[in-house]
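Structural overview
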Amino acid sequence: MKYQIKTLNNISKRGLKQLTDAYVVDGDGSEWPDAILVRSAKMHDMALPDSLSFIGRAGAGVNNIPLDRCAEAGIVVCNAPGANANAVKEMVATAMLISSRKVVEGIEWTKSLSGDTDIAAAVEKGKKQFAGPELYKKKMGVIGLGAIGVLVANMAVDFGMKVYGFDPFISIKHAWGLSRKVKRASSLETLFQNCDYISIHVPFMKETENYVNADLLKICKPGLRLINLARGGLVDEDALAEALESDRLAAYVTDFPSNKTFAMKHVINIPHLGASTPESEENCASMVIDSMREFLENGNIVNSVNYPDCNMDICESAHRITVAHHNVPNMIAGITAVLAKDDINIANMTNKNKGQFAYTMIDVDSEVTDQAIADLKAIEGVTRVRLVK
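Residues numbered from 1 in each chain as written. Predicted model: local features only at pLDDT ≥ 70, side-chain atom pairs only at ≥ 80, totals over all residues. Heavy atoms only, no water.

Remarks on the overall build of the chain
Helix and strand counts for the chain come out as 14 helices and 16 strands. Principal-axis analysis of the C-alpha atoms gives the chain an extent of 90 × 45 × 35 Å. Burial analysis of the chain (389 residues in total) assigns 48% to the buried set. The long-range fraction of contacts in the chain, counting pairs at least 24 apart against all pairs at least 6 apart in sequence, stands at 64%. For the chain, the exposed surface amounts to about 19400 Å²; the carbon and sulfur share of it is 51%. (Helix = DSSP H or I, 4+ residues; strand = E, 2+ residues; numbered from the N terminus. Buried < 20%, exposed > 50% of the residue type's maximum accessible area, 1.4 Å probe, protein only. Contact = heavy atoms within 4.5 Å. Areas by Shrake-Rupley, 256 points an atom, 1.4 Å probe, with all protein chains shown as cover.)

This is the structure:
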């Protein structure tokens, strides 16, 4: 069997080398792909062919993918959480330093000096206007303690800062990686009232739109430097403009410039460079291609954002059936009833759910007829059925 893979952006060649001869990338069948690999291309208006069962986002953010529409079509969407974490962490360090020490302003001022002047003397005379505070012993707040947030918090500890983290939903895995010196903040208000620097590391979704709002910016510690390398839309830009204009906020560094931030004072607009390293691109591609192969070859789901992660390793039975479906009562009974009707014996089975959707994997010892697959597809609430093996 040949799997047809369509790429919507340049995907790391090193990552693509993980694919075997069973995969054809952007070949003749790319209009009916089994899977799509994407980075930043916008897919909301894109037609999703019936052949498509997997979308792999070579990065963390998935706001360029129509997740609900994919889920309803039984298309599993996976991303690469943490693959670009070190690259973003290093950019946060850069953001902290350039917002404090006025490095960008200093470089621009130096460029403006005329070659006819005594440059050395002019620099010594003018450098005092670019003086700024050190990071050492300052208070650092980190919002979101996932893969990136944990690295940022630990880095700030290494800088000798007093670090506070806020994440009501921190996972056990990420908690284990967090330095014991990072203190837990009980609320966002506590962070904004007490910290000299705050870095945001939460995903953008309906619930987090304008996550940093006017109420928080009105109570922030004077001189706060706010860093957003996570995603656009997380900071209320109207409230941000007012906080900067009143000098409550000393600086805002964003990796997601907009027309509004471009016009504000004390804003450093970075052109989305947080994960723009060759190492990050390779890591993201490798991780999402691993997930794609697990799904297409074994039916396993790893790092999904719209369906539950589900894993039964390699199938050692005659066949494996996977069923993507709505998370509703009596679904398992309906699936097993269809198999029993066709005298298909179940050797192993698992079911996982995530919100409105669920995923069932069944290893069977008997032959699976086309009629059995059709009957499974006909169950109300089923979004997709695959005979993996």
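Some remarks on the domain arrangement of the chain
For interface size, the figure often reported is the accessible area lost on association. Per the domain assignment, the segments making up the chain are domain 1 (1–79 + 277–307), domain 2 (85–269) and domain 3 (314–383). In this structure, domain 1 and domain 3 have C-alpha centres spaced 24 Å apart. On the side of domain 3, twelve residues touch domain 1, which itself brings 13 residues to the contact. In total, domain 1 and domain 3 occlude about 950 Å² of area from one another, counting both sides; carbon and sulfur atoms represent 55% of this. (Domains from an automatic or database assignment. Buried area = accessible area lost by both parts, 1.4 Å probe.)

Thoughts on the sheet that holds strand β16 (residues 382–387)
Spatial strand order, β14-β15-β13-β16: four strands in an open sheet with antiparallel pairing. Bordering the open sheet on either side are β14 (346–354) and β16, each of which pairs with just one other strand. Strand-to-strand, the axes of this sheet are offset by a mean angle of 10 degrees, without reference to chain direction. Bridge count for β14 against strand β15 (residues 357–364) is eight bridges, and the pairing is antiparallel. By the bridge assignment for β15, Met-349 is matched with Ile-362. (Pairing = 2+ DSSP bridges. Axes fitted to C-alpha atoms, helices over the stretch in contact; angles between N-to-C directions.)

Side note on empty space enclosed by the protein
On inspection of all chains with the given rule, the structure shows one cavity of 30 Å³ or more. Reported here for the largest cavity is a volume of approximately 40 Å³. Lining the largest cavity are Gly-74, Val-76, Phe-295, Thr-322, Val-323, Ala-324, Tyr-359, Arg-384 and Arg-386. Sorting the residues of the lining of the largest cavity by element identifies β13 (319–326) and β16 as the ones contributing at least two each. Among the elements that take part in the lining of the largest cavity, β13 stands out by supplying three residues, more than any other. (1 Å grid on protein atoms, 1.4 Å probe; cavity = no way out; pocket = protein on both sides within 12 Å on 5 of 7 lines; lining within 4 Å. Points joined across faces, edges and corners; volume = space filled by probe spheres on them.)

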